[in-house]
Amino acid sequence: ARPPAAARSSAADGHKSSPSAPSPARQQHSTPPVRASAAAGAPRSNALAAAFGDDDEDSKPKRKLIPLQYTPAELAAARLPEMTPQEIAAGKEKVMHALPQTRDAIFAAPIDWVMFDAAQKQLLPRLTSFVDKKITEMLGEQEESLVKHVVAQLRAHASAQTMLQELQAILDDDAELFVMKLYRAVLFDVTKLVKFGSL
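Residues numbered from 1 in each chain as written. Predicted model: local features only at pLDDT ≥ 70, side-chain atom pairs only at ≥ 80, totals over all residues. Heavy atoms only, no water.

**What about the overall build of the protein chain?**
Each helix and strand counted, the protein chain has 13 helices and zero strands in total. For the protein chain, the residues scored as buried account for 24% of the 199 residues in total. Carbon and sulfur atoms provide 56% of the accessible area of the protein chain, an area that totals close to 14500 Å². (Helix = DSSP H or I, 4+ residues; strand = E, 2+ residues; numbered from the N terminus. Buried < 20%, exposed > 50% of the residue type's maximum accessible area, 1.4 Å probe, protein only. Areas by Shrake-Rupley, 256 points an atom, 1.4 Å probe, with all protein chains shown as cover.)

The structure is reproduced here in structure tokens:
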């Protein structure tokens, strides 16, 4: 006997409306795979940026270059022709003999105070020792405060005439000869630095 029409209809509908379930293999491949090159894109771009630079480098602050600074003595020495120690010694002796001798000539001689200031670490110990020795000889005892005053006047670029006026009340008749010897010593040392770059 044939089944009722309703049963046949429901069976047909059920057969049409229930599609077959996808196999597990098809489910695994439903999402497109990620390409390895895209996944490795970030490290590669970083490597390229490190190798060839990046635009971000332009935005970074540049390191400021500090120019080398040379003292006048170093610059003078660099400009000098190469000389043997014997030639330098002979040249310094010529400088000593060419120094002014009279009061007026010493007081009028120009001093390179720029070189004096640049070479104070070399000059001041020598000049301080010179001043201390001469004042001790004249006064019979050490006068540390007077030595400091004389050296301070030199550091202030005092002229020989100004130094004489400062010292006449203390050294009396010895003041003029002392100032002449002191400024000859200053002229000698500064000229050696200018001409030979050393004392």
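**Things to note about helix α12 (residues 160–171)**
Three or more residues of α12 are buried, namely Ala-160, Met-163, Leu-164, Leu-167 and Leu-171. Buried residues of α12, viewed axially, fall in a sector of 100°; they line one side. Those residues of α12 that are exposed and aimed more than 90 degrees away from the buried face are Gln-165 and Ala-169. Next to the buried residues of α12 lie α8 (103–108), α10 (120–139), α11 (144–155) and α13 (174–196). The positive-phi residue at the C-terminal boundary of α12 is Asp-172, with phi of around 55°. (Arc of directions from axis to C-beta. Contact = heavy atoms within 4.5 Å.)

**A closer look at the nonpolar core**
Counting residues in hydrophobic clusters, the biggest one holds 38 residues, and the most contacted among them are Phe-116, Val-150, Leu-167, Phe-178, Val-179, Leu-182 and Tyr-183. The set of elements that each furnish at least two residues to this core consists of α8, α9 (113–118), α10, α11, α12 and α13. (Core = buried A, V, L, I, M, F, W, Y, C linked by side-chain atoms within 4.5 Å.)

**Section: α13**
The end-to-end C-alpha distance of α13, which contains 23 residues, comes to 33 Å, matching closely the 33 Å that a straight helix rising 1.5 Å per residue would cover. Looking one or two residues past α13, Gly-197 carries a phi angle of roughly 75°, positive in sign. (Expected span 1.5 Å × (residues − 1).)

**As for the packing of aromatic side chains**
All told, the structure shown has one aromatic pair when counted by the stated rule. Above the ring of Phe-188, the side-chain terminus of Lys-192 is found at 4.0 Å from the ring centroid. (Phe/Tyr/Trp six-rings, centres within 6.5 Å; stacked < 30°, edge-to-face > 60°. Lys NZ or Arg CZ within 6 Å of the ring centre and 35° of its normal.)

**Observations regarding the packing of α10 against α13**
The contact between α10 and α13 brings their axes to 11 Å, and the two run at 160°. Our classification of the angle between α10 and α13 gives roughly antiparallel. Classified by chirality, the crossing of α13 by α10 is right-handed. For the pair α10 and α13, the contacting residues are Gln-122, Leu-123, Arg-126, Leu-127, Phe-130, Val-131, Lys-134, Ile-135 and Met-138 in the first and Asp-174, Phe-178, Lys-181, Leu-182, Ala-185, Val-186, Asp-189, Val-190, Lys-192 and Leu-193 in the second. Taken together, the residues of the contact of α10 with α13 break down into 12 nonpolar, one polar and six charged. (Axes fitted to C-alpha atoms, helices over the stretch in contact; angles between N-to-C directions. Parallel < 35°, antiparallel > 145°, perpendicular 65-115°, else oblique. Left-handed = near helix turned anticlockwise from the far one by under 90°. Nonpolar A, V, L, I, M, F, W, Y, C, P; charged D, E, K, R; others polar.)

**Overview of the pattern of salt bridges**
By the definition in use, this model includes five salt bridges. The shortest N-O distance in the salt bridge between Glu-176 and Arg-103 comes to 3.1 Å. Of the two residues, Glu-176 sits in helix α13 while Arg-103 sits in helix α8, which places them 73 residues apart along the sequence. Judged by its relative accessible area of 27%, Arg-103 falls in the partly exposed class. Look at the salt bridges and you will find they share partners, linking Arg-103, Asp-104 and Glu-176 into a network. (Salt bridge = Lys/Arg side-chain N within 4 Å of Asp/Glu carboxyl O.)

**A short note on the side chain of Gln-153**
Checked against the element boundaries, Gln-153 lands in helix α11. The buried category is assigned to Gln-153, whose relative accessible area is 16%. Contacts of Gln-153, omitting those with residues within four sequence positions, involve Ala-158, Thr-162, Met-163 and Glu-166.

**Thoughts on the confidence of the model for the protein chain**
Caution is warranted with low-pLDDT regions, since their predicted coordinates should not be read in detail. For the protein chain, the mean per-residue pLDDT works out to 78, and 60% of the residues sit at or above 70. Counting interchain partners and residues more than four positions distant, the pLDDT-below-50 stretch residues 14–19 has zero contacts. Contacts from residues 24–29, a stretch scored under 50 in pLDDT, to residues over four places away or in other chains number one contact. (pLDDT = per-residue confidence, 0-100.)

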